[in-house]
Amino acid sequence: MSDISLNSPFIKCGLYFPRLSQAPEHEALEHELTIAAENTVTVIGWSADGELPVVCEFQTGFVLPRVRVTADWLHSLGLADDSCYYYNTTHECWRKINAGHVLTLIQPYVYLKNLTIKVKRDFDIYVERWQHK
């Protein structure tokens, strides 16, 4: 006979014995992290002509499919803090927006550029790559 007791925690978990419930704090944290992971938006921003964009992911302050473009987002991307252009993938055009503008997204990707940008290096590659995911 084995030296392992039937009361051992190694015996009581597995296929026939479900895991004991977690502490409420652990369950709340797990739920919060799951929501944050599901609520991730990738933002691509061009701050200077001909330069590669900065790519950031944001997870707080919104609930998909609606997001608010904040001054913090713009600052993180190296863009002007008050306004920029947003690429509307539905209408395939750039639209001027101000910090605080709310977008309704079809996919969790946002394309932004400074108001002075004319040449967006690799823009077509980024849009093509993420529109088909």
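A. Spotlight on the layout of surface pockets. The computed volume of the largest pocket comes to approximately 180 Å³. Y86, T89, T90, I106 and Q107 are, among the eleven residues lining the largest pocket, the residues nearest its centre. Looking at the lining of the largest pocket, the elements with two or more residues in it are strand 4 (83-88) and strand 7 (109-113). Class assignment of the residues belonging to the lining of the largest pocket gives a composition of five nonpolar, six polar and no charged.

B. Highlighting the sheet that holds strand 1 (residues 41-46). If you walk across this open sheet you meet the five strands as 2-1-7-4-5, and the pairing is mixed. Of all the strands in the sheet, the pair left with one neighbour each is strand 2 (54-58) and strand 5 (93-98). Averaged over all adjacent pairs, the angle separating strand axes in this sheet is 30°, with direction ignored. As judged from the two bridges shared by strand 4 and strand 7, these two strands associate in the antiparallel manner. The partner of Y85 across the bridge, within strand 7, is K113.

C. Up close: unusual backbone geometry. A cis amide bond links L64 to the next residue, P65, at an omega of 15°. Note on placement: P65 falls in the loop between strand 2 and strand 3 (66-68). In this structure, E92 takes a positive phi of about 55° despite not being glycine. Along the polypeptide, E92 turns up in the loop between strand 4 and strand 5. Judged by relative accessible area, which is 57%, E92 ranks as exposed. The phi angle at D122 is positive, at roughly 65°, despite the residue not being glycine. Considering the arrangement of structural elements, one finds D122 in the loop between strand 7 and helix 3 (123-131). The class for D122 is partly exposed, based on a relative accessible area of 31%.

D. Quick peek at the packing of aromatic side chains. Counted according to the given criterion, the structure contains nine aromatic pairs. Aromatic side chains W46 and F123 sit 5.5 Å apart centroid to centroid with 65° between the ring planes, which places their arrangement in the edge-to-face category. Of this pair, W46 sits in strand 1 while F123 is found in helix 3, placing the two residues 77 residues apart along the sequence. Accessibility assignment for this pair places W46 and F123 in one class, buried. Chaining the aromatic ring pairs together yields one cluster made of W46, Y87, W94, Y111, F123 and Y126. The ring centre of W94 lies 4.9 Å from the NZ or CZ of K113, which sits over that ring. Taking the ring centre of F123 as reference, the NZ or CZ of K120 above it sits at 6.0 Å.

Rules behind the numbers
Throughout this description, residue numbers start from 1 for each chain and increase along the sequence as written. Given that this is a predicted model, residues contribute local features only at a pLDDT of at least 70 and side-chain atom pairs are listed and counted only at 80 or more, while totals for whole chains, interfaces and linings are drawn from all residues. Side-chain numbers come from the whole structure's heavy atoms, not from hydrogens or water. A 1.4 Å probe that fits but cannot get out identifies a cavity on a 1 Å grid over protein atoms alone, an open set with protein on both sides within 12 Å along at least five of seven lines counts as a pocket, and a residue lines either if it has an atom within 4 Å of a point. Grid points are joined across faces, edges and corners, and a volume is the space filled by probe spheres set on the points. Working definition: helices are DSSP H or I runs of at least four residues, strands are E runs of at least two. Numbering for both runs from the N terminus. Side-chain classes are defined by residue name, with Ala, Val, Leu, Ile, Met, Phe, Trp, Tyr, Cys and Pro counting as nonpolar, Asp, Glu, Lys and Arg as charged, and the others, Gly among them, as polar. Strands are labelled as partners when DSSP assigns at least two bridges between them. Between N-to-C directions, angles cover 0 to 180 degrees, with each direction set by a line fitted to C-alpha atoms, over the stretch in contact for helices. Only protein chains enter the calculation, and the probe is 1.4 Å; a residue is then buried if its accessible area is under 20% of its type maximum, exposed if over 50%, and partly exposed in between. Pairing of aromatic side chains here covers Phe, Tyr and the six-membered ring of Trp, requires ring centres within 6.5 Å, and sorts the geometry by plane angle: under 30 degrees stacked, over 60 edge-to-face, intermediate tilted. Charge-over-ring contacts are defined here by two conditions on Lys NZ or Arg CZ: a distance within 6 Å of the ring centre and an angle within 35 degrees of the ring normal.

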